[in-house]
Amino acid sequence: MKRSTYRLLEGLKDFSFALPALAFLVIFIYYPLLNSFYLSFTNWNMTKPVKQFVGFDNYEKLLTNETFYNVLRITFTYTVLDVVLTLGIGLLLALLFNVSSRFFNFLRMLIFMPHYISMVIVSMIFLWIFNSQYGLMNELLELLGVEKVQWLQNPKTALWVLITVSVWKGVGFAMIIFIAGLRGIPVEYYEASSIDGASKWTQFWNITLPLLSPITLFLVVTNFISSMQVFQSVDIMTNGGPLESTKAMVYWIYTMAFSEFKTGRASALVIIFFIIIVLLTMVQMYVSKKKVHYEG
């Protein structure tokens, strides 16, 4: 057998191991995305077999709709607050619990456990906690002599409840990743800076944060994409209310497609949202790389 033929067969054998994963991506990711792109140029509503081509009409109606920008604002507000609080609290907990002992191992386990709980279950738990009549939060407020709060019925507090749910579930994962990063920083850096008279704050600002930049970038990007796609907590706890104050983008896509049966327009919204997420993710990565390069 010729060497070139042997290399080709070896390459095909190696490629065959990737075929199941490639088939999964094509069937469940790339094909639905391409099909959504095609449907976005039609007025299909799932009740008609005929898909009439309407060009950019769906995109025009969405981009000139005030609801689109309001939903986008709510989604961005939720995402920014969720990412900042999750990563901020996660880093703080990592600094506090970066101790090797059985007690701290147990505490880290307790904080990390919510990450493995289904968002549906978490939403049901917090739906009871923030119940306006008999919820645990209002019971605690009554013990303190404070009037009950209509947590999920008030547009000013409903979004904060959803953010609280997401932070409670995700902060443990951020803590564990930050702890792994902290333990990868050589102790010699801190010892040398202590000899030079650097304070704990100076060490944190000039050693810890810069060396955690790659991990921070990973957490920012993954949490950003996840938060932008918030759906289950909205669907279970608020249904986009009150007064559409928690109507996030994915929930709007869902209701537009499966409640209003405007599948073509919902597909156009999917494409617009996909482009927004990709562009914002690229900007985050570019800014972070420039910052790391500058600090280096």
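Here's a quick rundown of the structure.

About the thresholds
- Position numbers for residues start from 1 in each chain and track the written sequence from start to end.
- Where local features are concerned, this predicted model is filtered to residues with pLDDT of at least 70; where side-chain atom pairs are given and counted, the filter is 80 or more; whole-chain, interface and lining totals use all residues.
- Each side-chain value is worked out from all heavy atoms of the structure, with water and hydrogens disregarded.
- Under the DSSP-based scheme used, a helix requires at least four consecutive residues in state H or I and a strand at least two consecutive residues in state E, with every element numbered from the N terminus.
- Only C-alpha atoms enter the radius of gyration; for comparison, a globular chain is expected to reach 2.2 Å times N to the power 0.38, where N is the number of residues.
- For the exposure calls, accessible area comes from a 1.4 Å probe over protein chains only, and a residue counts as buried if that area is under 20% of its type's maximum, exposed if over 50%, partly exposed in between.
- When checking whether two residues touch, look at their non-hydrogen atoms; a contact exists if any pair is within 4.5 Å.
- Under the convention used here, Asp and Glu are negative, Lys and Arg are positive, and both His and the chain ends fall outside the count.
- Charged side chains are reduced to one point each, which is NZ for Lys, CZ for Arg, CG for Asp and CD for Glu.
- The term nonpolar core refers to a set of buried residues drawn from Ala, Val, Leu, Ile, Met, Phe, Trp, Tyr and Cys, joined through side-chain atoms within 4.5 Å.
- Within this document, salt bridges are pairs made up of a side-chain nitrogen of Lys or Arg and a carboxyl oxygen of Asp or Glu, the two lying within 4 Å of each other.
- Stacked, tilted and edge-to-face are the three classes applied to pairs of Phe, Tyr and Trp rings, where Trp contributes its six-membered ring and a pair requires centres within 6.5 Å; stacked means planes under 30 degrees apart, edge-to-face means over 60, and tilted covers the rest.
- By the criterion adopted, a ring carries a charge over it if an Arg CZ or a Lys NZ lies within 6 Å of its centre and within 35 degrees of its normal.
- A helix's residues, less one, multiplied by 1.5 Å, set its expected span.
- Arc, as used here, means the arc of the directions from the helix axis to the C-beta atoms.
- Patch criteria: residues need more than 30% relative accessible area and no salt bridge. Like-charged residues are merged within 9 Å; nonpolar side chains of Val, Leu, Ile, Met, Phe, Trp and Tyr are merged within 5 Å.
- Accessible surface area values rest on a Shrake-Rupley calculation with a 1.4 Å probe, where residue burial reflects the displayed protein chains alone.

## Here we look at the overall build of the protein
Link 1 in the chain: The helix and strand tally for the protein stands at 13 helices and 0 strands.
Link 2 in the chain: Helices and strands appear in the protein in the N-to-C order α-α-α-α-α-α-α-α-α-α-α-α-α.
Link 3 in the chain: For 296 residues, the compact-globule formula gives about 19 Å, and the C-alpha radius of gyration of the protein, at 24 Å, lies well above that figure.
Link 4 in the chain: In terms of principal-axis extent, the alpha carbons of the protein reach across some 85 × 75 × 35 Å.
Link 5 in the chain: Taking all 296 residues of the protein together, the buried fraction comes to 37%.
Link 6 in the chain: For the protein, the proportion of contacts with a sequence separation of at least 24, taken over those separated by at least 6, is 66%.
Link 7 in the chain: Computing the positive centroid from 21 side-chain charges and the negative centroid from 16, the protein places the two 9 Å apart.

## Description of the nonpolar core
Link 1 in the chain: Among the nonpolar cores identified, the biggest contains 39 residues, and Leu62, Phe68, Met175, Phe178, Met249, Trp252 and Leu269 are the most heavily contacted of them.
Link 2 in the chain: For this core, the secondary-structure elements that each account for two or more residues are helix H2 (57-63), helix H3 (66-97), helix H7 (155-183), helix H9 (200-211), helix H10 (213-228), helix H12 (249-258) and helix H13 (263-295).
Link 3 in the chain: The element best represented in this core is H3, accounting for 9 residues.
Link 4 in the chain: Within the second largest apolar cluster, 21 residues are counted, among which are Ile74, Phe130, Leu141 and Leu152.

## A look at the pattern of salt bridges
Link 1 in the chain: The tally for this structure, following the rule as stated, stands at 4 salt bridges.
Link 2 in the chain: The partner of Lys247 in a salt bridge is Glu244, with the nearest N and O atoms 3.4 Å apart.
Link 3 in the chain: Relative accessible area serves as the criterion here: at 11%, Lys247 is assigned to the buried category.

## Considerations on the packing of aromatic side chains
Link 1 in the chain: Taken as a whole, this structure holds 18 aromatic pairs when the rule is applied.
Link 2 in the chain: Pairwise contacts between aromatic rings join Phe37, Phe41, Phe53, Phe56 and Tyr59 into one cluster.
Link 3 in the chain: Of note, Lys51 hangs over the ring of Trp44, and the distance from its end group to the ring centre comes to 4.6 Å.

## Regarding the environment of Leu93
Link 1 in the chain: Summarising the element assignment, Leu93 is placed in helix H3.
Link 2 in the chain: Overall, Leu93 belongs to the buried group, its relative accessible area being 16%.
Link 3 in the chain: Here the alpha-carbon distance between Leu93 and Ile111, two residues 18 residues apart in the chain, equals 9.2 Å.
Link 4 in the chain: Excluding residues that lie within four positions of it along the chain, Leu93 makes contacts with Ile111, Val171 and Met175.

## Overview of H9
Link 1 in the chain: For H9, with 12 residues, the first-to-last C-alpha span of 15 Å sits near the 16 Å given by 1.5 Å per residue.
Link 2 in the chain: Taken as a whole, H9 has its buried residues at Gln203, Phe204, Ile207 and Thr208. Seen end-on, H9 carries its buried residues on one side only, within an arc spanning 125°. Across from the buried face of H9, at angles greater than 90 degrees, the exposed residues are Trp201 and Trp205.
Link 3 in the chain: On the buried face of H9, the contacting elements are H3, H7 and helix H8 (187-195).

## Some points on unusual backbone geometry
The phi torsion of most residues other than glycine is negative, and most of the peptide bonds are trans.
Link 1 in the chain: Cis geometry marks the peptide bond from Gly241 to Pro242, where omega comes out at -5°.
Link 2 in the chain: For Pro242, the location among the structural elements is in the loop between helix H11 (232-237) and H12.
Link 3 in the chain: Despite not being glycine, Glu244 has its phi angle at roughly 60°, a positive value.
Link 4 in the chain: As for its placement among the helices and strands, Glu244 is situated in the loop between H11 and H12.

## What about a nonpolar patch on the surface?
Link 1 in the chain: Side chains of Phe15, Leu19, Leu22, Phe24, Leu25, Val26, Ile27, Phe28, Ile29 and Tyr30 sit close together on the surface and give an oily, nonpolar patch of about 940 Å² of accessible area.
Link 2 in the chain: Mapped onto the fold, Val26 is located in helix H1 (residues 3-39).

## So, the side chain of Ser132
Link 1 in the chain: Tracing the chain through its elements places Ser132 in the loop between helix H5 (119-129) and helix H6 (136-143).
Link 2 in the chain: The residues touching Ser132, leaving out its near neighbours within four places in the chain, are Asn138, Lys148, Val149, Gln150 and Gln153.

Purely geometric numbers; function is a separate question.
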